[in-house]
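Structural description and commentary
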Amino acid sequence: MQFTSDNAAAVHPAVWKAMMAADAPDAPYDNDALSRSLDGAFSALFRRECAVLWTATGTAANCLALASLVPPHGAAVCHREAHIEMDEAGAPGFFLHGAKLLLADGASAKVTPQSLAAVVDTIRDDVHQVQPHAISITQASEYGCVYCPDEVAAIAAFAKARGLGLHMDGARFANAAAYLGCTPAEAAGDVDVLSFGFVKNGGMSAEAIVFFDVEAAKAIRYRRKRAGHLQSKGRFMAAQILAMLENDLWLDNARAANAAAAEIAAAAPGRLLHPVEANEVFLTCTAAEREALRGAGFAFYDWGADAARLVTSWDARAEHVGPLAKAIASL
């Protein structure tokens, strides 16, 4: 019974069907009809003009997005627990040719204008210090917590006041939007570029980089090719993304994952380390308790010496979620 990661989930049948339908001759790279329709599909979704590039991984999506905002001599500010800092093996420095990350604090892996100011406002404007060029926030955060529209607006205002770009790592953007119950545009706010995740939510191998500054996408097309992420049969990437957008499948999948996490959280109110707002549950759990859960057939990750991380997915099965909740409640 798998609760290690939403990356372990199955590919949604609609995605397989769309990929099979795309298995016919068409123009290579991103010149096929499906890839060329992405700008329009996302412009309709966000109700503003977008330019969209597909890529195969969230790491590539984040780093190529940041490359549109940060020069090699600059820096991006993010939370010290951000995925780009903790779990991408230095990829931002690699893709951005030496640009660095500056780390801010904040509860539940969320930054605030105040925590950002504590980093940005201490940097002198001279050639001896790396200058910040952008802020990166994660929606939902690494601890499964969601920025509400007012929080994103406050960070966007901070960024604009200091001349910084704003990137959103949306590996679990669907889960955040589902939790908020608002429009995708409201969940994203006034960011410059969004890494819109699909793989964790039922996709197989496709993520979308959504540029709200259409001109910024032009240079990243070259960077994507140079980085080895321009796939020759790009129609299969676009097919996955479009299948997820159709009839709001991306939201339905996220709602299912969130509901499963909420059921587990309800069984462990005194153990929760962070509010459960998306599809991740962090709870206190001794080594002996974790051993007991694993002995009952539940797979998950340890989170330090006395905690566990449980992640639910779009295909979470009631016959797995219910028994896990009961097992946790009985510890």
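Located above this text is the structure these notes cover.
In what follows, the accompanying structure is described. From a predicted model like this one, the values you see are computed outputs, not experimental measurements.

Below, the discussion takes up the sheet that holds strand S2 (residues 74-79). In space, the 7 strands of this open sheet follow the order S1-S7-S6-S5-S4-S2-S3, with mixed pairing throughout. The strands lining the two open edges of the sheet, one partner per strand, are strand S1 (51-55) and strand S3 (100-104). Within this sheet the neighbouring strands show an average axis-to-axis angle of 25°, counted without direction. Judged from the 5 bridges that link them, strand S4 (residues 131-138) and strand S5 (residues 165-170) form a sheet pairing that is parallel. Following the sheet pairing, Ile-137 is matched in S5 by Met-168. Of the strands in this sheet, S1 and strand S7 (207-211) touch helix H12 (residues 235-245), which is tilted by about 115° from S1.

Before going further, it helps to examine the packing of aromatic side chains. One pass over the full model with this rule turns up 14 aromatic pairs. Both rings, one in Phe-173 and one in Trp-250, keep their centres 6.2 Å apart while their planes meet at 10°; by these two values the pair is stacked. With a gap of 77 residues between them, Phe-173 in helix H9 (residues 173-180) and Trp-250 in helix H13 (residues 249-266) connect regions that are remote in the sequence. Like Phe-173, the residue Trp-250 is buried in the burial classification. Members of the aromatic cluster, connected to one another through ring pairs, are Phe-42, Phe-46, Phe-173, Phe-196, Phe-198, Phe-212 and Trp-250. In this arrangement the basic side chain of Arg-224 is found over the ring face of Trp-54, its NZ or CZ atom lying 4.4 Å from the centre. The ring of Phe-300 has Arg-294 sitting right over it, with the charged end atom 4.2 Å from the ring centre.

Turning next to the packing of H9 against H13. Running from amino to carboxyl end, H9 crosses H13 at an angle of 80°, the nearest separation of the two axes being 8 Å. What the angle tells us is that H9 and H13 run roughly perpendicular. Here Phe-173, Ala-174, Asn-175, Ala-177, Ala-178 and Tyr-179 of H9 come into contact with H13, specifically with Trp-250, Leu-251, Ala-254, Arg-255, Ala-257 and Asn-258. Looking at side-chain class alone, the contact of H9 with H13 contains 9 nonpolar, 2 polar and 1 charged residues.

Before going further, it helps to examine the layout of surface pockets. In this structure, the largest pocket spans a volume of roughly 550 Å³. Taken together, 29 residues line the largest pocket, and the ones lying closest to its centre are His-83, Asp-87, Arg-172, Lys-200 and Arg-309. Sorting the residues of the lining of the largest pocket by element identifies helix H4 (58-67), helix H5 (83-86) and S5 as the ones contributing at least two each. Among the elements that take part in the lining of the largest pocket, H4 stands out by supplying 3 residues, more than any other. A class-by-class count of the residues in the lining of the largest pocket yields 7 nonpolar, 12 polar and 10 charged.

Next up on the list: the nonpolar core. Ranked by size, the top nonpolar core spans 60 residues in total, and within it Phe-42, Phe-46, Ile-135, Phe-196, Val-210 and Trp-250 carry the most contacts. Counting residues per element, this core draws most heavily on H12, which supplies 9 residues. By size, the runner-up hydrophobic cluster in this structure holds 25 residues, among which are Leu-64, Ala-67, Leu-96 and Leu-101.

Here the focus is the pairing of strand S10 (residues 307-311). As a general feature of sheets, a regular strand has side chains that alternate between the two faces. For S10, the buried fraction is high: 5 of the 5 residues fall into the buried class. Both faces of S10 are covered, namely the face carrying Ala-307, Arg-309 and Val-311 and the face carrying Ala-308 and Leu-310. With 5 bridges connecting them, strand S8 (residues 280-284) and S10 associate as antiparallel partners. Bridge pairing in S10 links Thr-284 to Ala-307. Bridge count for strand S9 (residues 301-302) against S10 is 2 bridges, and the pairing is antiparallel. Its bridge partner lying in S10, Asp-302 is registered against Ala-308. Connecting the antiparallel pair S9 and S10 is a turn made up of 4 residues, with Gly-304 showing a positive phi of about 80°.

A word on the pairing of S4. Burial analysis of S4 places 6 of its 8 residues in the buried class, the great majority of the element. Looking at chain direction, S2 and S4 are connected through 4 bridges and run parallel. Within S4, the position partnered with Gly-74 by the bridge is Gln-131. At this point the chain moves from S4, through helix H8 (residues 149-161), to the parallel S5, and the crossover so formed is right-handed.

What counts as what
Residues numbered from 1 in each chain as written. Predicted model: local features only at pLDDT ≥ 70, side-chain atom pairs only at ≥ 80, totals over all residues. Heavy atoms only, no water. Pairing = 2+ DSSP bridges. Helix = DSSP H or I, 4+ residues; strand = E, 2+ residues; numbered from the N terminus. Axes fitted to C-alpha atoms, helices over the stretch in contact; angles between N-to-C directions. Contact = heavy atoms within 4.5 Å. Phe/Tyr/Trp six-rings, centres within 6.5 Å; stacked < 30°, edge-to-face > 60°. Buried < 20%, exposed > 50% of the residue type's maximum accessible area, 1.4 Å probe, protein only. Lys NZ or Arg CZ within 6 Å of the ring centre and 35° of its normal. Parallel < 35°, antiparallel > 145°, perpendicular 65-115°, else oblique. Nonpolar A, V, L, I, M, F, W, Y, C, P; charged D, E, K, R; others polar. 1 Å grid on protein atoms, 1.4 Å probe; cavity = no way out; pocket = protein on both sides within 12 Å on 5 of 7 lines; lining within 4 Å. Points joined across faces, edges and corners; volume = space filled by probe spheres on them. Core = buried A, V, L, I, M, F, W, Y, C linked by side-chain atoms within 4.5 Å. Right-handed = clockwise from strand over helix to strand, strands pointing away.

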